[in-house]
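This is what each chain is made of:
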Amino acid sequence: MKRTILCLALGTAAAFAATTASAATLDTIKQKGMLTCGSNPGLAGFGIPDDKGNWTGLDVDLCRAIAAAVLNDPSKVKFLPLTAKDRFTALQSGEVDVLVRNSTWTMQRDTQLGITFTGVNYYDGQGFMVKKKLNVSSALELNGASVCTQQGTTTELNLADFFHANKMKYEVVAFQSADETIKAYDAGRCDAFTTDASGLYSERLKLKDPDENIVLPEIISKEPLGPAVRKGDDQWFSIVKWVGFAMVNAEELGVTKANVDEMLKSTNPEVKRLLGVDGNFGESIGLTKDWVVRIIKAVGNYGESFERNVGQGSPLKIKRGLNALWNKGGIQYAPPIR
């Protein structure tokens, strides 16, 4: 019975989403003069406000880039912090215009919730963190362990798959919010903490003694994290998708926040198309020719945003890895603007 009610609820939500999205999202945003972006309540490196309410993070930069492209002002963003449980409902209902909240792109989410993912702004995978005093060097040594995790995420399912596949026993200790989960782990209520590897590095900063905790080497899942929009508005889908692609292409072409004005004089055909010197690519999605110039002036290219928020220029110091450009050993790759 519960399953039937859930399916009906999801179907109703999807139908409502399609109806609300049929109204041009771009026009609505312009009318209200503000982009509403669904965000993580507080994940360092991705989406977190300081004590003055100033938001920073890789996901935050993408929201600001969209606002710069659409409203010519990266500050015209209202960040709405959402729990993992509530994030998709907020997008379905129209409470947010776009969800940029370290959410994993899965088939079910992309086909059954009335939403669609626009791309991947961070390739991740689920891992484990334990206290050094546990004397564990591999997740395969966690047989019989209690594991703290967050409800309403793919993390719970991946956790079950991993232990089942390796014929190990475990006890799940689940909490509604990420903050509750990491606090429980820090208090010793479980042996291990599991979430996306990026989240492990971020959440470790909150612990009483971060250096006494280690991230184990195993990555047990594919977690392509990216923004999502409601189905039914192709123009808005294209805008959000190509804002992300533009930031990746800008890095590949060497266009930075510092040199973007100079690069407007470039004779490189790809750079000229990217920056709107040639063609009407911005106009084709309802923006102006200089849409990418506004993005880069606001937040820089993808590489700049990565390094500032989660890379070597940040407290997290995460290596580029899979998130390096395709020609630098990673898999970040954007279709060309042409």
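Conventions and cut-offs
- Residues numbered from 1 in each chain as written.
- Predicted model: local features only at pLDDT ≥ 70, side-chain atom pairs only at ≥ 80, totals over all residues.
- Heavy atoms only, no water.
- Helix = DSSP H or I, 4+ residues; strand = E, 2+ residues; numbered from the N terminus.
- Rg over C-alpha atoms; globule rule 2.2 N^0.38 Å.
- Buried < 20%, exposed > 50% of the residue type's maximum accessible area, 1.4 Å probe, protein only.
- Contact = heavy atoms within 4.5 Å.
- Lys, Arg positive; Asp, Glu negative; His and termini not counted.
- Charge placed at Lys NZ, Arg CZ, Asp CG, Glu CD.
- Salt bridge = Lys/Arg side-chain N within 4 Å of Asp/Glu carboxyl O.
- Disulfide = S-S within 2.5 Å.
- 1 Å grid on protein atoms, 1.4 Å probe; cavity = no way out; pocket = protein on both sides within 12 Å on 5 of 7 lines; lining within 4 Å.
- Points joined across faces, edges and corners; volume = space filled by probe spheres on them.
- Nonpolar A, V, L, I, M, F, W, Y, C, P; charged D, E, K, R; others polar.
- Polar contact = N/O pair within 3.5 Å; in protein donor to acceptor, adjacent residues only side chain to side chain.
- Phe/Tyr/Trp six-rings, centres within 6.5 Å; stacked < 30°, edge-to-face > 60°.
- pLDDT = per-residue confidence, 0-100.
- Axes fitted to C-alpha atoms, helices over the stretch in contact; angles between N-to-C directions.
- Parallel < 35°, antiparallel > 145°, perpendicular 65-115°, else oblique.
- Left-handed = near helix turned anticlockwise from the far one by under 90°.

A. Main features of the overall build of the protein. When its secondary structure is counted, the protein shows 13 helices and 14 strands. Computed over its C-alpha atoms, the radius of gyration of the protein comes to 21 Å, within 12% of the 20 Å expected for a compact globule of 338 residues. Here the C-alpha coordinates of the protein stretch approximately 60 × 45 × 40 Å along the principal axes. Taking all 338 residues of the protein together, the buried fraction comes to 53%. Considering only intrachain contacts with a sequence separation of at least 6, the fraction spanning at least 24 residues in the protein is 71%. With 39 positive and 38 negative side-chain charges, the protein shows a separation of 1 Å between the mean positions of the two kinds.

B. Summary view of the pattern of salt bridges. According to the stated counting rule, one finds nine salt bridges in the structure shown. With a shortest N-O distance of 3.7 Å, Lys 265 and Glu 262 are connected by a salt bridge. Using a relative accessible area of 62% as the deciding quantity, one classes Lys 265 as exposed.

C. Expanded view of the state of the cysteines. Scanning the model with the defined rule gives two disulfides in all. Here Cys 37 pairs with Cys 63 through a disulfide, and the sulfurs are 1.8 Å apart. Linking Cys 37 in strand β1 (residues 35–39) with Cys 63 in helix α3 (residues 58–71), this pair joins segments that are 26 residues apart in sequence. Side by side, Cys 37 and Cys 63 carry an identical accessibility label, which is buried. Going through the protein in sequence order and numbering each bonded cysteine, the pairs you get are 1-2, 3-4.

D. Molecular detail of the layout of surface pockets. In this structure, the second largest pocket occupies an estimated 460 Å³ of space. Along the walls of the second largest pocket sit 27 residues, with Tyr 122, Tyr 123, Asp 124, Ala 197 and Ile 219 positioned nearest its centre. The dominant element in the lining of the second largest pocket, judged by the number of residues it contributes, is helix α8 (residues 197–204), at four residues. Grouping the amino acids of the lining of the second largest pocket by side-chain chemistry returns 14 nonpolar, six polar and seven charged.

E. Structural context of unusual backbone geometry. For Asn 72, which is not glycine, the phi dihedral falls at a positive 60°. Mapped onto the fold, Asn 72 is located in the loop between α3 and β4 (77–81).

F. Quick peek at α8. Burial within α8 is extensive, with six of its eight residues counted as buried. All of the buried residues along α8 are Ala 197, Ser 198, Gly 199, Leu 200, Ser 202 and Glu 203. At its buried positions, α8 is contacted by β7 (122–124), β8 (126–131), α7 (178–186), β11 (192–196), β12 (213–215) and β13 (223–225).

G. Local environment of the environment of Leu 113. With respect to the element layout, Leu 113 can be found in the loop between α5 (107–112) and β6 (115–117). Here the alpha-carbon distance between Leu 113 and Leu 91, two residues 22 residues apart in the chain, equals 9.8 Å.

H. Structural view of the side chain of Asn 249. The residue Asn 249 is located in helix α9 (residues 234–252) in this model. Relative accessible area serves as the criterion here: at 8%, Asn 249 is assigned to the buried category. Reaching out from Asn 249, the side chain makes a polar contact with the backbone oxygen of Pro 335 at a distance of 2.9 Å.

I. Region of interest: the packing of aromatic side chains. Tallied over the full model, the rule gives 12 aromatic pairs. Look at Trp 55 and Phe 79: their rings are 5.3 Å apart centre to centre, the planes differ by 25°, and that puts the pair in the stacked class. Separated by 24 residues along the polypeptide, Trp 55 in strand β3 (residues 55–56) and Phe 79 in strand β4 bring together distant segments of the chain. Take Trp 55 and Phe 79: they sit in the same class, and that class is buried. On the basis of an interplanar angle of 80° and a centroid distance of 6.4 Å, the ring pair of Phe 128 and Phe 163 is categorised as edge-to-face.

J. How the structure looks around the confidence of the model for the protein. On average, residues of the protein score 93 in pLDDT, and 93% of them are at 70 or above. In the model, residues 1–22 has pLDDT below 50 throughout and makes 20 contacts with residues more than four positions away in sequence or in other chains.

K. Focus on the packing of α3 against helix α12 (residues 291–299). Interaxial distance between α3 and α12 falls to 8 Å at its minimum, and their mutual angle equals 140°. It follows from the interaxial angle that α3 and α12 lie oblique. Crossing handedness for the pair α3 and α12: right-handed. In contact with Asp 61, Arg 64, Ala 65, Ala 68 and Ala 69 of α3, α12 contributes Trp 291, Arg 294, Ile 295, Ala 298 and Val 299. Among the residues forming the contact of α3 with α12, the class breakdown is seven nonpolar, no polar and three charged.

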